[in-house]
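# Reading the structure
If you want the building blocks of each chain, they are given just below.
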Amino acid sequence: MSEFTGNHILSVSQFDRDAIERVFSVAHSMLPYARRQKRTTVLNGAILGNLFFEPSTRTRVSFGTAFNLLGGEVRETTGMDNSALAKGESLFDTARVLSGYSDIIAMRHPAAGSVGEFAEGSRVPVINGGDGANEHPTQALLDLYTIKRELEYNNKGIDGLHIAMIGDLRYGRTVHSLSRLLCLYDNVHFTLISPRELAMPQPIVDAIENAGHRLTITEQLEGNMDADICYQTRIQEERFPSQDEANKYRGKFRLNQAIYTRHFQSKTVIMHPLPRDSRMEANELDNDLNLNPNLAIFRQTDNGVLVRMALFALTLGVENLVSQYERDVIWTTKKSS
Ligand code: NCD
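Keep in mind that what you see is a predicted model, and the values were worked out from it rather than measured.

## Looking at the UniProt feature "domain: Aspartate/ornithine carbamoyltransferase carbamoyl-P binding" (unreviewed entry) in the protein
Mapped onto this numbering, the UniProt entry annotates "domain: Aspartate/ornithine carbamoyltransferase carbamoyl-P binding" (unreviewed entry) at residues 8–148. A helix fraction of 40% and a strand fraction of 19% characterise residues 8–148, whose end C-alpha atoms lie 25 Å from each other.

Here you go:
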């Protein structure tokens, strides 16, 4: 049992460095199951309520996949229009009902604070899969796990890291949660690059400064930075008052191999929470970066499954039982020769 068991995961502020290390070590132990070298039925009979009231591909599917990989079942609802919230039901009532059908709930909703409000009505643990522009704790944990793994190759740790965050830092919840997690570490250098109107919210800037970190704020990519991580983001068009407003910023921070070479080191790791907006007018991460070995975006998505498996195992108190319920994998995805 751990301090995670039976608790909601709503915000990165619940985590300290020890708790993060615990998540990372359990996540690492999930590798054989995520890679289908072994399977486990430790959550056989358990039900995840996967409630996504806002668009999602990887977060929703990776929560479901993570639960399935632990042997559990997934019940899902997607979109506001397909749920009773569209009939005026309160988050509290929805939580009361759905927590009667599930052992644990993952939820995404467009309003900041909504997942916390929902959790108050829930009789089972709730994991925040993103609440408006506010937080995205599981993404921040998988981003930090990725940073740690990527930097190991360069013999570096998270302490002393230089991260450049680029784009929509105002509405991007992933950079909010990741910045707050990084405040737990020492001597981080944040370079925040965004138009002034899309700057990082002041409470997070304050948190970075209060933690004693080095902070550089600029409106465009300048010179050659010694950044270890380049964290690109999407213009969060769905949170702007109008499409015209969002269009003003589209394409301002496109990154391709030539721009990368000009502004970053040859080892700078390229991250993005995805989806990358690949439309011509945005082209946040050009396809010519796909061959760049430092492009970590698909390692991030793979790591998301490990981290979400770890969070489920810890929250349901089975993190030490996973291998006891291990089975062989008897199928193959390889062509027979
Ligand atoms: C992000 C999100 O939804 O906040 N995506 C994700 O969960 N991987 C970022 C985004 O949508 O731009």
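## Structural notes on the packing of helix α6 (residues 137–152) against helix α7 (residues 173–182)
At a minimum axis separation of 8 Å, α6 and α7 run at an interaxial angle of 60°. As the angle between them shows, α6 and α7 are arranged oblique. When the axes of α6 and α7 are compared, the crossing they make is right-handed. The segment α6 lies against α7, with Pro 137, Gln 139, Ala 140, Leu 141, Asp 143, Leu 144 and Ile 147 engaging Thr 174, Ser 177, Leu 178, Leu 181 and Leu 182.

## Considering the site of the ligand
Around the ligand, the surrounding shell consists of Arg 58, Thr 59, Arg 108, His 136, Gln 139, Arg 173, Thr 174, Arg 234, Gln 236, Pro 273, Leu 274 and Pro 275. Contact between the ligand and Thr 59: an oxygen atom at 2.9 Å from a side-chain N or O atom of the residue. Gln 236 is positioned such that a nitrogen or oxygen atom in its side chain is 2.8 Å from an oxygen atom of the ligand. Elements supplying a minimum of two residues to the shell around the ligand: α3 (58–69) and α7. Among the residues making up the shell around the ligand, the classes are represented as three nonpolar, five polar and four charged. Built from parts of two domains, the shell around the ligand gets at least three residues from each of domain 1 (12–136 + 304–328) and domain 2 (137–298).

## Quick look at the UniProt feature "domain: Aspartate/ornithine carbamoyltransferase Asp/Orn-binding" (unreviewed entry) in the protein
Following the UniProt record, the feature "domain: Aspartate/ornithine carbamoyltransferase Asp/Orn-binding" (unreviewed entry) maps to residues 159–314 here. Strand forms 14% of residues 159–314 and helix 31%; the C-alpha atoms that close the span are 26 Å apart.

## Quick notes on the nonpolar core
With 67 residues, the main nonpolar core has Ile 163 and Met 165 as its most contacted residues. Ranked by residues supplied to this core, first place goes to helix α11 (residues 297–315) with nine residues. Counting the residues that make up this core, at least three belong to each of domain 1 (12–136 + 304–328) and domain 2 (137–298). Setting aside residues up to four positions removed in sequence, Met 165 forms contacts with Val 175, Leu 178, Ser 179, Leu 182, Phe 190, Thr 191, Leu 192, Ile 193, Met 200 and Tyr 231. Counting residues in hydrophobic clusters, the runner-up holds 18 residues, among them Cys 230, Leu 255, Ile 270 and Leu 285.

## A word on α7
Because the α-helix completes a turn every 3.6 residues, residues three or four places apart line up on one side. With nine of ten residues buried, α7 lies mostly within the body of the structure. Those residues of α7 that sit buried are Arg 173, Thr 174, Val 175, His 176, Ser 177, Leu 178, Ser 179, Leu 181 and Leu 182.

## Here we look at the sheet that holds strand β7 (residues 189–193)
The strand order across the open sheet built from five strands is β8-β7-β6-β9-β10, with neighbouring strands paired in parallel fashion. Of all strands in the sheet, those with a lone pairing partner are β8 (214–218) and β10 (269–271), marking the two edges. Across the sheet, the mean angle separating the axes of adjacent strands is 15° when strand polarity is ignored.

## Here we look at the pairing of β8
The pairing of β7 with β8 spans five bridges and is classified as parallel. Within β8, the residue paired with His 189 across the bridge is Arg 214. Taken together, β7, helix α8 (residues 202–210) and β8 constitute a β-α-β crossover, and its handedness is right-handed.

## Considering the side chain of Asn 303
Looking at the secondary structure, you find Asn 303 in helix α11. Excluding anything up to four places from it in sequence, Asn 303 contacts Leu 142, Tyr 145 and Thr 146.

## Overview of the environment of Thr 261
Within the element layout of this structure, Thr 261 appears in helix α10 (residues 257–263). When the C-alpha atoms of Thr 261 and Asn 224 are compared, they prove to be 8.5 Å apart, with 37 residues separating the residues in sequence. At 2.7 Å, the side chain of Thr 261 forms a polar contact with the backbone oxygen of Gln 257.

## Let's talk about the pattern of salt bridges
Within the structure shown, the criterion is met by 18 salt bridges. Between Glu 237 and Arg 279 there is a salt bridge whose closest N-O contact spans 3.2 Å. You can see Glu 237 sitting in the loop between β9 (229–232) and α9 (243–247) and its partner Arg 279 sitting in the loop between β10 and α11, a full 42 residues away along the chain. Since its relative accessible area comes to 17%, Glu 237 is described here as buried. Residues joined in a network through salt bridges with shared partners are Glu 237, Arg 250, Asp 277 and Arg 279.

Conventions and cut-offs
- Residues numbered from 1 in each chain as written.
- Predicted model: local features only at pLDDT ≥ 70, side-chain atom pairs only at ≥ 80, totals over all residues.
- Heavy atoms only, no water.
- UniProt positions renumbered as here; feature names shortened; annotations may be inferred.
- Helix = DSSP H or I, 4+ residues; strand = E, 2+ residues; numbered from the N terminus.
- Axes fitted to C-alpha atoms, helices over the stretch in contact; angles between N-to-C directions.
- Parallel < 35°, antiparallel > 145°, perpendicular 65-115°, else oblique.
- Left-handed = near helix turned anticlockwise from the far one by under 90°.
- Contact = heavy atoms within 4.5 Å.
- Near = heavy atom within 4 Å.
- Polar contact = N/O pair within 3.5 Å; in protein donor to acceptor, adjacent residues only side chain to side chain.
- Nonpolar A, V, L, I, M, F, W, Y, C, P; charged D, E, K, R; others polar.
- Domains from an automatic or database assignment.
- Core = buried A, V, L, I, M, F, W, Y, C linked by side-chain atoms within 4.5 Å.
- Buried < 20%, exposed > 50% of the residue type's maximum accessible area, 1.4 Å probe, protein only.
- Pairing = 2+ DSSP bridges.
- Right-handed = clockwise from strand over helix to strand, strands pointing away.
- Salt bridge = Lys/Arg side-chain N within 4 Å of Asp/Glu carboxyl O.

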